[in-house]
Every structure is written in structure tokens, then in C-alpha cells.
Amino acid sequence: MHDHGPPPAHIRETIELWVSDFLDRPVATEPAGRVGPHAGAVLVAFLEAACHGDREPADIEGHEVGHALLDHVAGLELPQAAHDAVPTLAAAFLQDLEDVGRLSGGRALAAQVRATAPAYRERAARGVRVERRAAPKVGRNDPCPCGSGKKYKKCCMDVLGG
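On a predicted model such as this, the values are computed, not experimentally measured, just so you know.

Looking now at the nonpolar core. Among the nonpolar cores identified, the biggest contains 41 residues, and Phe46, Ile60 and Leu94 are the most heavily contacted of them. Contributing elements (two or more residues each) for this core: helix H1 (9-23), helix H2 (29-35), helix H3 (39-50), helix H4 (62-71), helix H5 (80-99) and helix H6 (106-126). In terms of residue count, the dominant contributor to this core is H5 (10 residues). Those residues in contact with phenylalanine 46 that lie beyond four places of it in its chain are Val65, Ala68, Leu69, Val73, Ala90, Leu94 and Val113.

What follows concerns H6. Its 21 residues give H6 an end-to-end C-alpha distance of 29 Å, which sits within 8% of 30 Å, the value for a rise of 1.5 Å per residue. Helix geometry: H6 is bent most strongly at alanine 117, by close to 50°, with proline proline 118 lying one to four residues after it. Those residues of H6 not exposed but buried are Gly106, Leu109, Ala110, Val113, Thr116, Ala117, Tyr120 and Ala124. Looking at the buried positions of H6, the neighbouring elements they touch are H3, H4 and H5.

A contiguous patch of negative charge, built from Asp54, Glu56, Asp59 and Glu61, is present on the exposed surface. Relative to the assigned elements, aspartate 54 resides in the loop between H3 and H4.

With 90% of its residues at a pLDDT of 70 or more, the protein shows a mean pLDDT of 88. Per-element confidence in the protein is highest for H2, whose mean pLDDT is 96, and lowest for helix H7 (residues 157-160), whose mean pLDDT is 70.

With that settled, the discussion passes to the environment of valine 27. As for its placement among the helices and strands, valine 27 is situated in the loop between H1 and H2. Through-space distance from the C-alpha of valine 27 to that of aspartate 96 is 7.8 Å; in sequence the pair is 69 residues apart. Discounting residues that sit within four places of it in the chain, valine 27 has contacts with Phe22 and Asp96.

For the rest of this paragraph, the subject is the pattern of salt bridges. Considering all chains together, one arrives at nine salt bridges under this definition. Ionic pairing is found between glutamate 16 and arginine 12, a salt bridge with its closest N-O pair at 2.4 Å. Taken together, the residues glutamate 16 and arginine 12, both in helix H1 and four residues apart, mark about one turn of the helix. You can call glutamate 16 partly exposed: its relative accessible area is 36%.

This part takes up the side chain of threonine 116. Positionally, threonine 116 belongs in helix H6. Relative accessible area serves as the criterion here: at 13%, threonine 116 is assigned to the buried category. A polar contact of 2.8 Å, which involves the side chain of threonine 116, links it to the backbone oxygen of glutamine 112.

Take the packing of H1 against H5 next. Following both chains from N to C, one finds H1 and H5 inclined at 100°, their axes separated by 11 Å at the closest point. Classified by the angle between their axes, H1 and H5 sit roughly perpendicular to one another. On H5, the residues that touch Trp18, Val19 and Phe22 of H1 are Leu89, Ala92, Phe93, Asp96 and Leu97. Its residues assigned to classes, the contact of H1 with H5 comprises seven nonpolar, no polar and one charged.

When you line up the elements, alanine 111 lands in helix H6. The partly exposed category is assigned to alanine 111, whose relative accessible area is 37%.

This paragraph deals with H3. Three or four residues apart is the spacing at which side chains of an α-helix point the same way, because the helix has 3.6 residues per turn. Taking 1.5 Å as the rise per residue, H3 with 12 residues should run 16 Å; its terminal C-alpha atoms sit 17 Å apart, in good agreement. Counting buried positions over the 12 residues of H3 gives 10, a clear majority of the element. Residues Ala39, Gly40, Val42, Leu43, Val44, Phe46, Leu47, Glu48, Ala49 and Ala50 constitute the buried set of H3. Next to the buried residues of H3 lie H1, H2, H4, H5 and H6.

Scoring rules and cut-offs
Residues numbered from 1 in each chain as written. Predicted model: local features only at pLDDT ≥ 70, side-chain atom pairs only at ≥ 80, totals over all residues. Heavy atoms only, no water. Core = buried A, V, L, I, M, F, W, Y, C linked by side-chain atoms within 4.5 Å. Buried < 20%, exposed > 50% of the residue type's maximum accessible area, 1.4 Å probe, protein only. Helix = DSSP H or I, 4+ residues; strand = E, 2+ residues; numbered from the N terminus. Contact = heavy atoms within 4.5 Å. Expected span 1.5 Å × (residues − 1). Bend = angle between axes of the 7 residues up to and from the residue. Patch = residues over 30% accessible without salt bridge, like charges linked within 9 Å, V, L, I, M, F, W, Y side chains within 5 Å. Areas by Shrake-Rupley, 256 points an atom, 1.4 Å probe, with all protein chains shown as cover. Salt bridge = Lys/Arg side-chain N within 4 Å of Asp/Glu carboxyl O. Lys, Arg positive; Asp, Glu negative; His and termini not counted. Charge placed at Lys NZ, Arg CZ, Asp CG, Glu CD. pLDDT = per-residue confidence, 0-100. Polar contact = N/O pair within 3.5 Å; in protein donor to acceptor, adjacent residues only side chain to side chain. Axes fitted to C-alpha atoms, helices over the stretch in contact; angles between N-to-C directions. Parallel < 35°, antiparallel > 145°, perpendicular 65-115°, else oblique. Nonpolar A, V, L, I, M, F, W, Y, C, P; charged D, E, K, R; others polar.

As C-alpha cells, this is what we get:
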């Protein structure tokens, strides 16, 4: 589990608009009701994670959807009944995005979400939580944080367990 950080403001605004529009439509009533009051926040977290790397919401792909569901949404603190309903909600959302012309391939992405549902439910039941780094990760070729001026790989990497 990891944190991608917040998306740019224009992407966040698009995501919030899409989620709000979806939740106002009758197609969302049943799946959102099963997730409960967290439905909007879950969908925002889902789409934000799928858009990591500043990808526009209309350009998300299958691997990003699976990653968002398994590695981000599964770690949200929700009642288990809400977690059980999340894949159905996410699939309905993706299908609706295609139906309204916002996301080409939304039905195929929804099918992937449904296929990922058992793994998602297993991860959510285990209580996997998002880990956040206290400081940015030091890469092998970055300057060593000890201040020696050497590359990390030639200095403290072995000592620090990198």
C-alpha cells in the first residue's frame, strides 16, 4: 500500500463532478445505498487512485482500475458490509461513465472490477491499510541523506537496509 498524493486541482474537480453526477442518477441509488454514506468518498478515492501520475479520468485503463481498487480502496476504513458492496458500486459507476459519454471502455473496466471483486473483498477483510512515508523515498542514485556527497548506493544503502 502506498499514497500517490493528491491529484492536480483540475483532475480533482472533474472527479468530484463525475461522482456527484453519478450519485444523482437513479442508476446509482441501489449500489450507493449498499455502500452507505461513504459512497461518494469511496468513488472519489477510487478514481483519484486510478488517475495517479496526473492521468486524466477519461484516460484510465484496466491496470489502473485494478490497482486503485486493490491497493487503495481496500485499505479504506469502512464497515465490512460497505466494503462488500464497493465493487458493485465501482462497476456501476464505470458503466455509467461510458453511458453518458465520459469514459470510453467503461463497460470493459466495469467487467474488470467485477472480476477483481473476490480479491478486493479478501484484502478489505484482512484490514490492509494505506502506509504513508514519513519522508520521500531515497533512490539508489540519489545523494546520500547522511550528507557525504556520495550516491546512496555507494554510502549508507547497506547500513540503512535499502
